[in-house]
Amino acid sequence: MCRIIAHRGSSGTHPENTMSAFEEARRAGADGIELDVHLTKDQKLVVIHDEWVNRTTNGQGYIQDLTFNEINQLDAGSWFSEAFQGEKIPELSDVLSWSVNHPMILNIELKNIFIDYPGIEKLVTQEVKRFGLEDQVILSSFNHVSLKKLSQQDIKLAMLYTAKLVDPWLYAEYLGVSGLHPGMHSIDVQMVKKAKDAGVDVRIYTVNEEKDMVRWFKAGCTAIITDFPEKARQVRYKV
Ligand code: G3P
Ligand code: CA
C-alpha cells in the first residue's frame, strides 16, 4: 500500500514543522511525517524549513547566526493563525523523543543546500541512534554530496530532486541510497514502475490535489508526501 507522509507535518492545516503539525498528522492517521533540519550558531539541530526565521516566526535572521536560546523565544505559530500562538520551533530531539512513543516513518530532510552546516550529517545520525530510531528514519537531502557521505550508515537514505533525470534508479545506486524523492513533475508513472522493479523506493512530493493523489496511488509509488494527510487517507480509501 502506498504510504502517506505528512509534509512538514499536517502543514495544510497547522503551522509547518511544529509539534502541533506532527501531532495532527498522527491524529489524521498519516503513516509518517517529513521535517526539515538546520543547525543553530551553537550547533543545535532545529526543525524549520527556511534558512531564516522571518517567514514562519515573529523573529528575524538566519538560523546559523542565532543561538538555540534565541530561537526558543520565537513564536512559530501565529504567522499561520492566532489559534497557534506560542508554538515553538522544535529541536530535532523533541520530535525524536515524541516519535519513540508514536512510531511512524520519520523523513528527516537535511536542509544543507544553500548553507553547508559542516558536520550536520554526523550530528543527525548521532541523534537518530541515541533514540534508537534507525528503523523508522529516512534521511533525505537535495545535497547529494551529503547523501554520499551518509551512505556508510545503517539508516535509509533518499535523494531529493526536481530535475528530470535519466534512469534515476541507476544514480540512486551510485549514491548508495535506497529511495527517490522526486518533485511530482520530475517523474511519470512508467518511471515509478521501473524504479520499483529495480528495487528502489519512490516517495513523491508535494501531492495535494485529489487527482494527483489518485494518479500516484494507482502508480504504485512507495509513498506520497502531502500537506493534507487526512484528505489523502480519504482518497486512498476510495482508490
Ligand atoms: O521532502 C520533500 C519536500 O519537503 C522537499 O521540498 O522545499 O518542501 O522542503 P521542501
Ligand atoms: Ca522538506
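All residue numbers here refer to positions counted from 1 along the written sequence of the relevant chain. For this description, chains carry letters from A and ligands carry numbers from 1, given in the order in which they are written. Local features in this predicted model are restricted to residues of pLDDT 70 or higher, and side-chain atom pairs are both shown and tallied only at a pLDDT of 80 or more, whereas totals for entire chains, interfaces and linings draw on every residue.

**So, the overall build of the protein chain**
Secondary structure elements follow DSSP: runs of H or I of four or more residues count as helices, runs of E of two or more count as strands, with numbering from the N terminus. Secondary structure assignment for the protein chain yields nine helices and nine strands. When we talk radius of gyration, it's over C-alpha atoms, and the globule rule is simply 2.2 Å times the number of residues to the 0.38. The C-alpha atoms of the protein chain give a radius of gyration of 17 Å, which matches the 18 Å a tight globule of 239 residues would have. Counting only C-alpha atoms and orienting by the principal axes, one finds that the protein chain spans roughly 50 × 40 × 30 Å. What counts as a contact is two residues whose backbone-derived C-beta atoms lie within 7 Å of each other. Put simply, 53% of the contacts in the protein chain that link residues at least 6 apart link residues at least 24 apart.

**Side note on the packing of helix α8 (residues 210-219) against helix α9 (residues 229-238)**
To define axes, lines are fitted to C-alpha atoms, for helices over the stretch in contact only, and angles between the resulting N-to-C directions are given on a 0 to 180 degree scale. Relative to each other, α8 and α9 sit at 55°, their axes nearing to 10 Å. Of the possible angle classes, the one that applies to α8 and α9 is oblique. Taken as a pair, α8 and α9 cross one another with a handedness that is right-handed. Residues E210, M213, V214 and F217 of α8 touch α9, and the partners they reach there are A232, V235 and R236. To sort the angles, those under 35 degrees are grouped as roughly parallel, those over 145 as roughly antiparallel, those from 65 to 115 as roughly perpendicular, and the leftovers as oblique. By convention the crossing between two helices is left-handed if the near helix lies anticlockwise of the far one by an angle smaller than a right angle, and right-handed if it lies clockwise.

**Description of the nonpolar core**
Put simply, a nonpolar core is buried Ala, Val, Leu, Ile, Met, Phe, Trp, Tyr and Cys residues tied into one set by C-beta atoms within 7 Å. Residues are called buried when their C-beta atom has 20 or more other C-beta atoms within 10 Å, exposed when it has 12 or fewer, and partly exposed otherwise; all C-beta atoms are positioned from the backbone. Counting 64 residues, the largest nonpolar core has V37, I204 and I224 as the members making the most contacts within it. Once residues within four sequence positions are removed from consideration, I204 is found in contact with P182, M184, I187, W216, C221, I224 and I225.

**Here's the deal with the confidence of the model for the protein chain**
Confidence scores here are pLDDT values: one per residue, from the predictor, ranging 0 to 100. Taken over all residues, the pLDDT of the protein chain has a mean of 97, while the share at 70 or more is 100%. The ipTM value of the predicted complex is 0.98, and its pTM value is 0.98.

**Looking at helix α3 (residues 92-101)**
In an α-helix, one turn spans 3.6 residues; hence positions three or four apart end up facing the same way. Those residues of α3 lying buried are L92, V95, L96 and S99. Seen from one end, α3 has its buried residues packed into an arc of 100°, which puts them on one side. Turned more than 90 degrees away from the buried face of α3, the exposed residues are V100 and N101. At its buried positions, α3 is contacted by α1 (19-27), β2 (32-39), β3 (45-47), β4 (105-110) and α4 (120-130). It is the directions from the helix axis to the C-beta atoms whose arc is reported.

**Brief notes about the environment of E230**
With respect to the element layout, E230 can be found in helix α9. C-alpha of E230 to C-alpha of K196: the two residues are 34 residues apart in sequence and 26 Å apart in space.

**Digging into the pairing of strand β6 (residues 156-161)**
In terms of strand pairing, strand β5 (residues 137-141) meets β6 through four bridges, oriented parallel. Across the sheet, the residue bridging to S140 is A158, located in β6. For a crossover, the right-handed case is the one in which the path from the first strand over the helix to the second runs clockwise, viewed with the strands pointing away from the viewer. Remark: the β5/helix α5 (residues 144-150)/β6 crossover connection has right-handed handedness. As defined by bridge partners, β6 adjoins strand β7 (residues 179-182) across four bridges and the pair is classed as parallel. In the strand pairing of β7, Y161 is matched with P182. For the handedness criterion, the β-α-β arrangement of β6, helix α6 (residues 168-175) and β7 is classed as right-handed. Two strands pair if DSSP finds at least two bridges between them.

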